[in-house]
Amino acid sequence: MDLTIKKAQKYLKEKYKRAKPEDIKNTQRYFLKLIEEVGELAAVIRKDKRMDGENIKGTIEEELSDVLYYVLMIANTYDIDMETCFRIKEELNATRYGHNLKIEDIK
């Protein structure tokens, strides 16, 4: 089953509703964690540490996943649909930068 941005957001919202309902709207915490994860991402990019098989620990892949996690959690605190925002922003970028590839063109 494919994982969409929308489904990932819904999953995280439900996960926190069940496990940590007091943290659902803790934007400051998620922002600080995002900055921390971006720093960790910088370190593994500098070292070019990549995932080997199923071993994701301490890799670019792990840190990118963590960054995405906290971006989606911040979006959830504001009830922002990131999938919709991404589409709208790409349409704006197409006009701004003159490319004509549409999301729907990708199968």
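Everything discussed here concerns the structure shown above.
Fair warning: this is a prediction, and the values are worked out from it, not measured in the lab. (Residues numbered from 1 in each chain as written. Predicted model: local features only at pLDDT ≥ 70, side-chain atom pairs only at ≥ 80, totals over all residues. Heavy atoms only, no water.)

### Observations regarding the side chain of Thr 59
As for its position among the elements, Thr 59 is in the loop between α2 (27-47) and α3 (60-77). For Thr 59, a relative accessible area of 3% corresponds to the buried category. (Helix = DSSP H or I, 4+ residues; strand = E, 2+ residues; numbered from the N terminus. Buried < 20%, exposed > 50% of the residue type's maximum accessible area, 1.4 Å probe, protein only.)

### Digging into the side chain of Glu 37
Note that Glu 37 resides in helix α2. Setting aside residues up to four positions removed in sequence, Glu 37 forms contacts with Glu 63, Asp 66, Val 67 and Tyr 70. (Contact = heavy atoms within 4.5 Å.)

### With respect to the environment of Ile 74
Among the structural elements, Ile 74 can be located in helix α3. Of the residues examined, Ile 74 reaches a relative accessible area of 16% and is grouped as buried. Sequence-wise, Ile 74 and Lys 25 are 49 residues apart; in three dimensions their C-alpha atoms are separated by 8.2 Å. Ignoring any residue separated from it by four or fewer positions in sequence, one finds Ile 74 in contact with Thr 27, Tyr 30, Phe 31 and Leu 34.

### Describing helix α1 (residues 5-19)
Its 15 residues give α1 an end-to-end C-alpha distance of 21 Å, which sits within 8% of 21 Å, the value for a rise of 1.5 Å per residue. Here α1 has its buried residues at Ala 8, Gln 9, Leu 12 and Tyr 16. The buried residues of α1 occupy an angular sector of 100° when projected down its axis, which confines them to one face. Residues of α1 that are exposed and angled more than 90 degrees away from the buried face: Lys 10, Tyr 11 and Arg 18. Elements in contact with the buried residues of α1: α2, α3 and α4 (82-97). (Expected span 1.5 Å × (residues − 1). Arc of directions from axis to C-beta.)

### Section: unusual backbone geometry
Positive phi outside glycine occurs at Asp 48, with the angle close to 50°. Within the secondary structure layout, Asp 48 lies in the loop between α2 and α3. Judged by relative accessible area, Asp 48 falls into the exposed class, the value being 54%. Positive phi, normally seen in glycine, also occurs at Asp 79, with a value near 55°. Relative to the helices and strands, Asp 79 is located in the loop between α3 and α4. The class of Asp 79 is exposed, set by a relative accessible area of 54%.

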